[in-house]
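# Chains, contacts and geometry: an overview
The primary structure of each chain is shown beneath.
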Amino acid sequence: LSSFEETFSLISEKMADILQGEEDWKGAAEILSRIPLSSSQRQISDEYKAKMYVRIAMLYLEDEDEVTAETFVGRSHVIIGQPDFNNLEVKYQHQACRARIYDAKRKFQDAARHYYELSQVSKATVVAILGDAAAAKADQLDEMIEQQSLDALTKAVVCVILAPAGPERSRTLAMLYKDERTSKITTYLMLQKIYMERVVRAPEIAEFQQHLKPHQMATTSDGLTVLQKAMIEHNLFAAAKMYNNITFTELGFFLHVEPEKAEKIARDMILEDRIAGSIDQIDGMIYFEQGSEAMRQWDAEIAGACTAVNDITQYIADNYPTISMPNE
């Protein structure tokens, strides 16, 4: 029985290779998912299990089936999270899968964090992943690493811009904006405007939209697209810094939405503690509470701590690649 399972696994992998080459992602994933990885008839290493789970997840992601992909990512996460798991290639692929799943599920804050971590993979880590292949590509390695880092960084910036406006996003924005590499990406000007809490105008939104994927332009339950909602919330967040109070009508004109919708968005953001303020429905007014100097100093210190952690992470990635890949 053990011999049969080993043969079945080998044949399944070969068949999956063929289907993958034909871009039949779902077919390849389904074949690999039939491999008995929890069999009691033969010993299967945790590394092999994690490798298969991650590969299946990657195939389902190519087929745009994020729900099924997340199931296999969850199975691999249990193994990859163990302290003695050292396969850097599988760790990197696992991290990439998690970023894509968060992105597809519109959990943009989490997606931005994972993409940013992917952008920090060092040359030493890439060499450890590629092994002998790295030597053959030595002349192209630096260029390849930079391009992959900028690609992941661009995705991180797009996701953080689409994330719900509030203190948590502001801290991530600060970390990305202070990264010197972001000045090289095409969405840098939008990042700069969002970070500085400036109002974003329609032409700038239209230009930024060209960098989005279809799921990032989907319509939400309130009738707005993901991008429209993100920009309205950001502009409201900016308005809270500019005004002490504003009427529903004026806010609606400012945000280019109906006054009732402007009131609802403001109410939701206040209830979720993303902006500080109160609503007077009798007078049709919104009163914004400006943050104290102590709170601004606190936010600045948090941003500084994030930058320091980022510098430490980069040092570890450069000097100790075997322990640098994140598990979360």
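Attention shifts here to the overall build of the protein chain. Per the secondary structure count, the protein chain includes 16 helices and 3 strands. Within the span of the protein chain, comprising 328 residues, buried residues form 43% of the whole. Residue pairs in contact within the protein chain that sit at least 24 positions apart in sequence constitute 62% of those at least 6 positions apart. Summing over all exposed atoms, the protein chain offers an accessible surface of approximately 17,700 Å²; the carbon and sulfur share of this is 52%.

Hydrogen bonds along the backbone pair up the strands of a sheet, which may run parallel or antiparallel. Read from one edge of the open sheet, 3 strands run S1-S3-S2, paired in antiparallel fashion. Edge positions in the open sheet fall to strand S1 (245–247) and strand S2 (277–280), since each of these has one partner strand only. For this sheet, the mean angle separating the axes of adjacent strands, direction not counted, is 15°. Looking at chain direction, S2 and strand S3 (residues 285–288) are connected through 4 bridges and run antiparallel. Among the inter-strand pairings, Gly-277 is bridged to a residue of S3, identified as Phe-288. On the sheet, helix H14 (residues 248–255) packs against S1, S2 and S3 and is oriented at approximately 90° with respect to S1. Across the sheet, helix H15 (residues 259–271) is in contact with S2 and S3; its angle to S2 comes to roughly 140°.

What follows is about the confidence of the model for the protein chain. Averaged over all residues, the pLDDT of the protein chain equals 85, while 86% of them reach at least 70. Confidence, expressed as mean pLDDT per element, reaches its minimum in the protein chain at helix H8 (residues 132–136) with 59 and its maximum at helix H2 (residues 25–33) with 95.

A word on the packing of aromatic side chains. Scanning all chains against the criterion turns up 5 aromatic pairs. A ring pair is formed by Tyr-60 and Phe-72, whose centres lie 6.0 Å apart and whose planes are at 20°; its orientation type is stacked. Taken together, the positions of Tyr-60 in helix H3 (residues 46–62) and Phe-72 in helix H4 (residues 66–80) put the pair 12 residues apart, joining distant regions of the chain. Since its relative accessible area comes to 8%, Phe-72 is described here as buried.

Residues separated by three or four positions in an α-helix point in the same direction, a consequence of the helix having 3.6 residues per turn. For helix H5 (residues 88–104), spanning 17 residues, the distance from its first C-alpha to its last is 24 Å, which sits close to the expected 24 Å at 1.5 Å a residue. Inspection of H5 places Leu-88, Val-90, Lys-91, His-94, Gln-95, Cys-97, Arg-98, Ala-99, Ile-101, Tyr-102 and Asp-103 among the buried residues, and these make up the whole buried set. For H5, the capping residue at the N-terminal end is Asn-87, with a side-chain oxygen 3.2 Å from the backbone nitrogen of Glu-89. Just downstream of H5, Arg-106 is the residue with a positive phi angle, here 65°.

The next point concerns the nonpolar core. Of all hydrophobic cores here, the largest spans 36 residues; its most connected members are Ile-161, Leu-162, Phe-208 and Met-231. Of all the secondary-structure elements, those providing two or more residues to this core are H5, helix H6 (108–119), helix H9 (138–162), helix H10 (167–177), helix H11 (188–195), helix H12 (202–209) and helix H13 (226–242). The greatest single-element share of this core, amounting to 10 residues, is contributed by H9. Residues in contact with Leu-162, not counting those within four places in the same chain, are Phe-108, Phe-208, Leu-212, Gln-216, Val-226, Leu-227 and Ala-230. Grouped together as the second largest cluster of nonpolar side chains are 26 residues, Leu-19, Tyr-60, Ala-69 and Val-90 included.

Between its first and last C-alpha atoms H15 spans 18 Å; for 13 residues at 1.5 Å apiece the expected length is 18 Å, and the two agree. The complete set of buried residues in H15 reads Ala-262, Glu-263, Ile-265, Ala-266, Met-269 and Ile-270. In a view along the axis of H15, the buried residues occupy a sector of 165°, so they form one face of it. Looking at H15, the residues exposed on the side facing more than 90 degrees away from the buried face are Glu-260 and Leu-271. Summarising the contacts, the buried residues of H15 are in contact with H13, H14, S2 and S3. Downstream of H15 by a residue or two, Asp-273 has a phi angle that is positive, lying close to 60°.

By the element assignment, His-234 lies in helix H13. Of note is the side chain of His-234, whose polar atom sits 2.7 Å from the backbone oxygen of Arg-198. If near-sequence neighbours (up to four positions away) are discounted, His-234 is found in contact with Ala-165, Arg-169, Lys-193, Ile-194, Glu-197, Arg-198 and Val-200.

Conventions used here
Residues numbered from 1 in each chain as written. Predicted model: local features only at pLDDT ≥ 70, side-chain atom pairs only at ≥ 80, totals over all residues. Heavy atoms only, no water. Helix = DSSP H or I, 4+ residues; strand = E, 2+ residues; numbered from the N terminus. Buried < 20%, exposed > 50% of the residue type's maximum accessible area, 1.4 Å probe, protein only. Contact = heavy atoms within 4.5 Å. Areas by Shrake-Rupley, 256 points an atom, 1.4 Å probe, with all protein chains shown as cover. Pairing = 2+ DSSP bridges. Axes fitted to C-alpha atoms, helices over the stretch in contact; angles between N-to-C directions. pLDDT = per-residue confidence, 0-100. Phe/Tyr/Trp six-rings, centres within 6.5 Å; stacked < 30°, edge-to-face > 60°. Expected span 1.5 Å × (residues − 1). Polar contact = N/O pair within 3.5 Å; in protein donor to acceptor, adjacent residues only side chain to side chain. Core = buried A, V, L, I, M, F, W, Y, C linked by side-chain atoms within 4.5 Å. Arc of directions from axis to C-beta.

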